[in-house]
Amino acid sequence: MWVIAEQENGQLMNVTFELLGAAKELCAKLEEKCCAVLVTAAAGELPQQLIAAGADVVYVVEDAKYADYDTELYTDAICQLSKKYDPASIMFGATDDGRDLAPRVAARLHTGLCADCTALDVTDDKLVAWTRPALGGNICATIICDVNRPQMGTVRPKVFKPAELDNTRTGEVIAFTPEAGAVSRVELVKKEALSSENAVKIDEADMIAAGGRGFGSKEKFDVLEQLAALFENSAVAGTRAAIDEGWLTHSQQVGQSGKSVTPHIYFACGISGAIQHLSGMKDSDIIIAINKDAEAPIFTVAHYGIVGDVNVILPKLIEKIKASNYLIYRRHSSMWKTIYIAHTEEQAQKIKQMLTENGFLVQLKSAGGKHNKAYEICLPVSEAEDAYEVLCENKFQY
């Protein structure tokens, strides 16, 4: 079974670790190797991270032309790789790139594709059972590809827990160079962020303040920004109705036609709870709902509910949180933990080298603003405490 690894700005995306976690369990039932495919301009330490996350084999297609995602080039590379090594199944993340890439690969390989899966299993015949919502989320359909190979599917982010990293794992790295021939049909003119530089993506946020049409206007809806500002690693999101009203962008939509999220805290404000929205947030750790309709479906999934006008209750709640000086919640990723923040690239590289020489797996993450650059020293959660002790022994302190 292959997992197509995705990266952004040289870092593996969370969905890759989620897919590897699911693939490991399936491979144990299928008695197959769990493999990852990395198409990149610079592999660096990424193959080792994939192995630490559960990959037994990592196929690396490395060339400067793969610096940015390109439909033609990526499709050609994966198809050539597939034809040579003949995988039984291939799994993609149901991301913007994955939803573009997977159907093209499936078409060229003359096989089927199950899109937007939310559950995976193995049949008695050792086939992958791909389950996805159907009919607007009212039912779930399980699809099996019992004739053509490879079996293929895209899996929604945040439906599986990320694989825990084990830096002691070993695996095989296979370099592959596609035959020349594929030509890009597009030219990248410029890249422009859809949100501000330090904005948190809703599918990576620990706290989400979400709103629906119940606010009545954009001016009232904007109070969610005040709520989100009280928490670290937070984001504002909305229902399809809020997006249709123009209060938020599509990238902030939660639900069937938006994104699936699993934050620690999810505020559902002025949201009735249509099944399409519930499917995208019901697995959040803590759901707090505010709605004037006591019979609203949102209360069926909420851990805490407040019945009343959101425009009256929410400002009072915000003031209460401010007045209590409540401890703002911050949760580290289940995969990586920041143990130190370096304020120069030179210091960051020095710390990384020292920790690497001591046997730790280290990842640098750019932090800070445009004029105040900083670098987070990140390690797998299982190694973070020991690594911090090594830092202290070498006189590195916050």
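Residues numbered from 1 in each chain as written. Predicted model: local features only at pLDDT ≥ 70, side-chain atom pairs only at ≥ 80, totals over all residues. Heavy atoms only, no water.

**Comments concerning the overall build of the protein**
The condition is simple: In DSSP terms, a helix is any run of H or I states spanning at least four residues, a strand is any run of E spanning at least two, and both are numbered starting from the N terminus. Here the radius of gyration uses the C-alpha set of atoms, whereas the globule reference equals 2.2 Å times the residue count to the power 0.38. Note on classification: 1.4 Å probe, protein chains only; a residue is buried when its accessible area is under 20% of the maximum for its type, exposed when over 50%, partly exposed between these limits. The criterion used for residue contact is that any of the two residues' heavy atoms lie within 4.5 Å. Working definition of accessibility: Shrake-Rupley area with a 1.4 Å probe, residue cover restricted to the visible protein chains.
Per the secondary structure count, the protein includes 11 helices and 20 strands. Here the C-alpha radius of gyration of the protein, 22 Å, is about what a compact globule of 398 residues would show, namely 21 Å. Viewed in the frame of its principal axes, the protein has a C-alpha envelope of about 65 × 60 × 45 Å. When each of the 398 residues of the protein is scored for burial, the buried share is 49%. Excluding contacts between residues fewer than 6 apart, the proportion of contacts in the protein whose partners are at least 24 apart in sequence is 63%. About 20200 Å² of surface is accessible on the protein, with carbon and sulfur atoms providing 49% of the total.

**Observations concerning the packing of helix α10 (residues 345-357) against helix α11 (residues 381-393)**
To characterise two packed helices, one gives the angle between the axes of the helices and the distance between these axes. Keep this limit in mind: All axes here are fitted lines through C-alpha atoms, helices being fitted over the stretch that makes contact, and every angle between N-to-C directions spans 0 to 180 degrees. The crossing is said to be left-handed when, going from far helix to near helix, the turn is anticlockwise and less than a right angle, and right-handed when the turn is clockwise. Side-chain classes are defined by residue name, with Ala, Val, Leu, Ile, Met, Phe, Trp, Tyr, Cys and Pro counting as nonpolar, Asp, Glu, Lys and Arg as charged, and the others, Gly among them, as polar.
Two numbers describe how α10 lies on α11: the axes approach to 11 Å, and their chain directions differ by 115 degrees. For the pair α10 and α11, the sense of crossing is right-handed. Contact residues: I351, M354 and L355 in α10; A387, V390 and L391 in α11. When grouped by side-chain class, the residues that make up the contact of α10 with α11 number six nonpolar, no polar and no charged.

**So, the sheet that holds strand β7 (residues 114-117)**
Cut-off, in case you're wondering: In short, DSSP must find at least two bridges between two strands for them to pair.
Ordered by their spatial adjacency, seven strands build an open sheet running β7-β11-β6-β1-β4-β5-β12, and the pairing between neighbours is parallel. Pairing within the sheet leaves two strands with one partner each, and these edge strands are β7 and β12 (172-175). Strand-to-strand twist of the sheet, defined as the mean angle between neighbouring strand axes without regard to direction, takes the value 25 degrees. Where strand β6 (residues 89-93) meets strand β11 (residues 151-155), five bridges bridge the pair, whose relative direction is parallel. Paired with I90 across the strands is M152, a residue of β11. Most of the contacts of helix α1 (residues 14-30) go to β6, to which it runs at about 150 degrees, and overall it touches β1 (2-4), β4 (35-40), β6 and β11. Sheet strands touched by helix α3 (residues 71-85): β1, β4, β5 (57-62), β6 and β12. Its angle to β1, the strand with the most contacts, is close to 170 degrees.

**Some thoughts on the environment of R108**
In plain terms, the rule: N or O atoms within 3.5 Å of each other form a polar contact, as long as, within protein, one can give a hydrogen and the other can take it, and as long as residues adjacent in sequence are counted only when both atoms are side-chain atoms.
Tracing the backbone through its elements, the reader meets R108 in helix α4 (residues 96-108). A relative accessible area of 36% places R108 in the partly exposed class. Through-space distance from the C-alpha of R108 to that of K29 is 28 Å; in sequence the pair is 79 residues apart. With residues up to four places along the chain from it excluded, the contact list for R108 reads E72, T75, D76 and C79. A polar contact of 3.0 Å, which involves the side chain of R108, links it to the side chain of E72.

**A word on the pattern of salt bridges**
Note the cut-off: By convention in these notes, a salt bridge is any Lys or Arg side-chain nitrogen within 4 Å of a carboxyl oxygen on Asp or Glu.
Evaluation of the coordinates by the stated rule reveals 11 salt bridges. For R108, the salt bridge is made with E72, and the minimal N-O distance between the two is 3.0 Å. Of this pair, R108 sits in helix α4 while E72 sits in helix α3; the two residues are 36 residues apart in sequence, bridging distant segments of the chain. E72 gets classed as buried once you look at its relative accessible area, which sits at 11%. When the shortest N-O distance is used, the salt bridge between D222 and K218 registers 3.3 Å. Of the residues examined, K218 reaches a relative accessible area of 33% and is grouped as partly exposed. Where salt bridges share partners, they join E72, R104, R108 and R185 into one cluster.

**Quick notes on the packing of α3 against α4**
To keep it simple, the criterion reads: Comment on the angle field: the value is read as roughly parallel under 35 degrees, roughly antiparallel over 145, roughly perpendicular from 65 to 115, and oblique elsewhere.
α4 packs onto α3 with a crossing angle of 50 degrees between their chain directions and a minimal axis gap of 9 Å. Looking at the two axes, α3 sits oblique to α4. α3 and α4 meet at a crossing whose hand is right-handed. Here T71, E72, Y74, T75, D76, I78 and C79 of α3 come into contact with α4, specifically with D100, L101, R104, V105 and R108. Taken together, the residues that form the contact of α3 with α4 break down as five nonpolar, two polar and five charged.

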